[in-house]
Structure formats: C-alpha cells, structure tokens
Amino acid sequence: MACLFCKIAAKEIPATIRYEDDDVVAFDDIHPKAPTHVLIVPRRHLARVQDFDDGAIAGALFIAARRIAISADIAETGYRLVVNNGSDGGQEVEHLHLHLIGGKKLGAMA
C-alpha cells in the first residue's frame, strides 16, 4: 500500500502543489508553522535519510527548495529547511521530506 506522500505525489490525494518536476513534488503542509510551510518530497519512496543511494535526489530536493523560496519571495529574508528522520527525530510520515518554513522571523534552534 502506498504511503500518504506517495499518494499525493501521484495525485490520488488532493494537495496544494507548489512545485513539481520529474524527481520531486512540493505541497503545502496541512498544519503550517509559518506563513510559508511547504513539504518537499522525492517522487520515489524513500522512508529515511539512510535510504539515499545517491546524491541526485538530495540535490533535487535542495534545488526545489531554492525555487520555492524564490517564488514565495522569502529567499532573500531567509527560511529554514528541516528534515525529521525517524521516530526519535520527530518524523511522522515514513517518506523522507524537507520542511521549507519561512515568511516570518524564526527563532534560533538549540
């Protein structure tokens, strides 16, 4: 059975798509922590960071983040990229994803 993010990437579940290409799809988080909160996921199912087998997908995720930040007009003021990896790291959906969070001043992280 496909995971939630695989279904969104396949357009089986509706979402507000902010960016997509052959490798990644990005959509609004349903529980945003800031005015801009976009999830950027690889189209290919990778559950965690340790499932990376080459740098191409990592590069595609970061290129997508840059493009989304520019289109959201937050590239110059700043934004945060977060990866929660595994249950102890706060990962809630077992499909690797970046959180792009911005559009307001964010506090420092510990």
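Treat the numbers as computed from the prediction; the structure is a model and nothing was measured. (Residues numbered from 1 in each chain as written. Predicted model: local features only at pLDDT ≥ 70, side-chain atom pairs only at ≥ 80, totals over all residues. Heavy atoms only, no water.)

Caption draft 1: Summary view of the environment of Ser-71. Tracing the backbone through its elements, the reader meets Ser-71 in helix α2 (residues 55–71). A polar atom in the side chain of Ser-71 sits 3.1 Å from the backbone oxygen of Ile-68. (Helix = DSSP H or I, 4+ residues; strand = E, 2+ residues; numbered from the N terminus. Polar contact = N/O pair within 3.5 Å; in protein donor to acceptor, adjacent residues only side chain to side chain.)

Caption draft 2: Spatial organisation of unusual backbone geometry. Even without a glycine there, the phi angle at Lys-11 is positive, about 65 degrees. Mapped onto the fold, Lys-11 is located in the loop between α1 (4–9) and β1 (17–20). Residue Lys-11 is classed as exposed on the basis of its relative accessible area, which comes to 53%. Phi is positive for Asp-73, which is not a glycine, with a value near 60 degrees. Within the secondary structure, Asp-73 is located in the loop between α2 and β4 (79–82). For Asp-73, a relative accessible area of 67% puts it in the exposed group. (Buried < 20%, exposed > 50% of the residue type's maximum accessible area, 1.4 Å probe, protein only.)

Caption draft 3: Highlighting the sheet that holds strand β3 (residues 36–42). With antiparallel pairing, the 5 strands of this open sheet are ordered in space as β1-β2-β3-β5-β4. Looking along the sheet, the strands with just one partner apiece sit at the ends: β1 and β4. Strand-to-strand twist across the sheet, computed as the mean angle between neighbouring axes with direction ignored, equals 20 degrees. For β3 and strand β5 (residues 98–102), the ladder comprises 5 bridges, and the chain directions are antiparallel. Residue pairing across strands places Ile-40 opposite Leu-98, the latter belonging to β5. (Pairing = 2+ DSSP bridges. Axes fitted to C-alpha atoms, helices over the stretch in contact; angles between N-to-C directions.)

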